[in-house]
Amino acid sequence: MQATTRRARKTGSSGAQTTLLEFEPAAIPPAAGNTIIFPPQDVFDTLKQIREPVAATILDPWYNKGYGGTRPDYHEWLCAVLKETARVSNHIFLWGFPQIVHKALDYLPKGTKLVAWLTWYYKNCPSVIRGWRSAQLTCLHISRNKAKLYPENFLNHAQKERFENGKMRFVPGPPSVIETSLLVGFVGRKEQTGHPSQKPIKTIEPLVLMATKEGDTVLDPFCGSGTTGVVCRDLGRRAILCDASEEYTRMTEKRLGVKRSTLPEPAPILARDQPSKRNPTRRTRKMVRKRK
Ligand SMILES: C[S@@+](CC[C@H](N)C(=O)[O-])C[C@H]1O[C@@H](n2cnc3c(N)ncnc32)[C@H](O)[C@@H]1O
């Protein structure tokens, strides 16, 4: 995909020439570098800038419970995010609390399906709530119909050899429960960035392995501290990262040692119905003849 800044005038199918009226952000090539960090912006602006399908998208927004606050229209907002993401991504991984995120299953975008209900199981939540202590988060794996899966990415060396020699009857998949600790206190100290909702690398790694091959592009429009970027860098995938917060964008830059990209100049939204002199419509041709 080309980084297009459509400055030129454009002739529509009717032959009418279009003129420049307002501006919209230009397309960003997903493969311009191994890691692209956008300047801080809203998820919908990021999705608008992806004009060519990416292999997978990680959606890890605030969860409408606890840190990040709540919004009354969360469900509608989330479904709109899903719909826009399905336009540009073969696989989608949607994180959230099970009691909240399950509602999205009744409103999956057209042409997509649930591949798997994944659970992140952590034992070390330092909750002081009386009763059940939270120990799980859900990740819905949604994909466009026919999107490819790569369970062979989980094979060890010996298994891979057998697989490549056609000596394996089936490829054993990884479990749908990801068991790894929350990054709190002394746990995962080296990995901790200070982001209040940072995911451990081990929760994102299996998602990227299952849905992509080397060189593929992964999008994360709620990138937080940039965990997806770290996973993609280590696995040889390309990453497009963005977060609405200036603070977390800086955190991601620092963690990955990559500066944010400057968005190309905005591209014009084209207004129709300006008759072209070079390629006149039938109506304008008639008008020109009359004038003569
Ligand atoms: C759960 S955190 C993501 C954590 C990330 N996966 C990590 O491992 O660091 C959610 C992030 O979404 C960002 N965010 C919230 N609303 C947003 C929006 N409308 N558009 C883009 N980012 C948003 C927040 O700033 C926050 O960093």
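Every chain begins its residue count from 1, and numbering advances along the sequence as written. The predicted nature of this model means local features are confined to residues of pLDDT at least 70 and side-chain atom pairs, given and counted, to a pLDDT of 80 or more, with totals for whole chains, interfaces and linings taken over all residues.

## So, the site of the ligand
(1) Moving on: Being near a molecule or strand means, for a residue, that its backbone-placed C-beta atom lies within 6 Å of it. Taken together, 18 residues sit near the ligand, with Phe 222, Gly 224, Ser 225, Thr 227 and Ala 244 positioned nearest.
(2) Moving on: Gly is put with the polar residues, along with every residue not named as nonpolar or charged; the nonpolar set is Ala, Val, Leu, Ile, Met, Phe, Trp, Tyr, Cys and Pro, and the charged set is Asp, Glu, Lys and Arg. Each residue belonging to the shell around the ligand can be placed in one class, and the counts come to seven nonpolar, seven polar and four charged.

## A few points about the confidence of the model for the chain
(1) Moving on: Counting all residues, the mean pLDDT for the chain is 84, and 78% of those residues have values of 70 or more.
(2) Moving on: Each residue carries a pLDDT value, the predictor's own confidence for that position, ranging from 0 to 100. C-beta atoms are first placed from the backbone for all residues, and any pair lying within 7 Å is then listed as a contact. Low confidence marks residues 267–288, where pLDDT is under 50. Its contacts with residues over four positions away, or in another chain, come to 46 contacts.

## Let's talk about the environment of Val 54
(1) Moving on: Tracing the chain through its elements places Val 54 in strand β4 (residues 54–59).
(2) Moving on: For the pair formed by Val 54 and Val 218, sequence separation is 164 residues and the distance between their alpha carbons is 6.2 Å. Under the scheme used here, helices are H or I runs from DSSP no shorter than 4 residues and strands are E runs no shorter than 2 residues, and both carry numbers assigned from the N terminus.

## Details of the pairing of strand β7 (residues 136–144)
(1) Moving on: In terms of strand pairing, strand β5 (residues 89–96) meets β7 through six bridges, oriented antiparallel. Considered in β7, the bridge of Leu 94 is made with Leu 140.
(2) Moving on: Two strands pair under a simple rule: DSSP has to find at least two bridges between them. Examined bridge by bridge, strand β6 (residues 112–121) and β7 share nine bridges and lie antiparallel to one another. Across the sheet, residue Thr 112 finds its bridge partner in β7, namely Arg 144.

## A closer look at the sheet that holds β4
(1) Moving on: If you walk across this open sheet you meet the eight strands as β3-β10-β9-β4-β5-β7-β6-β8, and the pairing is mixed. The strands lining the two open edges of the sheet, one partner per strand, are β3 (35–37) and β8 (177–179). Strand after strand, the sheet turns through a mean of 20° between neighbouring axes, direction not considered.
(2) Moving on: The axes used here are C-alpha line fits, helices contributing only the stretch in contact, and every angle between their N-to-C directions lies in the interval 0 to 180 degrees. In this fold helix α5 (residues 201–211) packs onto β4, β5, β6, β8 and β9 (217–220), with an angle of close to 155° to the strand it touches most, β4.
(3) Moving on: Packed onto the sheet, helix α6 (residues 227–235) meets β3, β4, β9 and β10 (238–241) and runs at close to 170° relative to β10.

## A few points about the packing of α5 against α6
(1) Moving on: Contact geometry of α5 with α6 gives a least axis separation of 9 Å together with a crossing angle of 55°. By the angle between their axes, α5 is oblique relative to α6. Crossing geometry of α5 relative to α6 is assigned as right-handed. When α5 is examined against α6, the residues Ile 201, Ile 204, Glu 205, Val 208 and Leu 209 are found in contact with a partner set consisting of Thr 227, Thr 228, Val 230, Val 231, Cys 232 and Leu 235. Should an angle lie under 35 degrees it is considered roughly parallel, over 145 roughly antiparallel, and from 65 to 115 roughly perpendicular; all remaining angles are considered oblique. By definition, any crossing whose near helix is turned counterclockwise from its far helix by less than a right angle is left-handed, and any crossing with a clockwise turn is right-handed.

## A short note on α6
(1) Moving on: Within the span of α6, buried status applies to Thr 227, Thr 228, Gly 229, Val 230, Val 231 and Cys 232.
(2) Moving on: Buried residues along α6 sit against β3, β4, α5, β9, β10 and α7 (246–256).
(3) Moving on: Downstream of α6 by a residue or two, Gly 236 has a phi angle that is positive, lying close to 75°. Whether a residue is buried, exposed or partly exposed is read from the other C-beta atoms within 10 Å of its own C-beta, which are placed from the backbone; 20 or more gives buried, 12 or fewer gives exposed, and intermediate counts give partly exposed.

## Some words on the pairing of β9
(1) Moving on: By the alternation rule, side chains of β9 split into Thr 217 and Leu 219 and Val 218 and Asp 220, which are all buried.
(2) Moving on: The pairing of β9 with β10 spans four bridges and is parallel. Pairing of Thr 217 across the sheet is with Arg 238, part of β10.
(3) Moving on: If the strands point away from the viewer and the path from the first strand over the helix to the second runs clockwise, then the crossover is right-handed. For the crossover from β9 across α6 to β10, the handedness is right-handed.

## So, helix α2 (residues 74–88)
(1) Moving on: Multiplying one less than the number of residues by 1.5 Å gives the expected span of a helix. Taking 1.5 Å of rise per residue, the 15 residues of α2 would be expected to cover 21 Å, and the 22 Å separating its terminal C-alpha atoms lies within 8% of that figure.
(2) Moving on: If you check which residues of α2 are buried, you get Leu 78, Val 81, Leu 82, Thr 85 and Ala 86. Projected down its long axis, α2 shows its buried positions confined to an angular sector of 135°, all on one face. By construction, the arc corresponds to the directions joining the helix axis to the C-beta atoms.

## A word on the nonpolar core
(1) Moving on: Under the definition applied here, buried Ala, Val, Leu, Ile, Met, Phe, Trp, Tyr and Cys residues are grouped into a nonpolar core through C-beta atoms within 7 Å. Among the nonpolar cores identified, the biggest contains 43 residues, and Leu 59, Phe 93, Leu 94, Val 208 and Val 218 are the most heavily contacted of them.
(2) Moving on: Setting aside residues no more than four positions away along its own chain, Val 218 makes contact with Val 54, Ala 55, Ala 56, Ile 58, Val 208, Thr 212, Thr 228, Cys 232, Arg 237 and Ala 239.

## Quick notes on the packing of α6 against α7
(1) Moving on: Packing of α6 against α7 brings their axes to within 9 Å, and their N-to-C directions diverge by 25°. The angle between the axes of α6 and α7 places the two elements in the roughly parallel class. Along this stretch, α6 crosses α7, giving a crossing that reads as right-handed. Judged by residue contacts, Gly 229, Val 230 and Arg 233 of α6 engage Thr 252, Arg 255 and Leu 256 from α7.
(2) Moving on: Its residues assigned to classes, the contact of α6 with α7 comprises two nonpolar, two polar and two charged.

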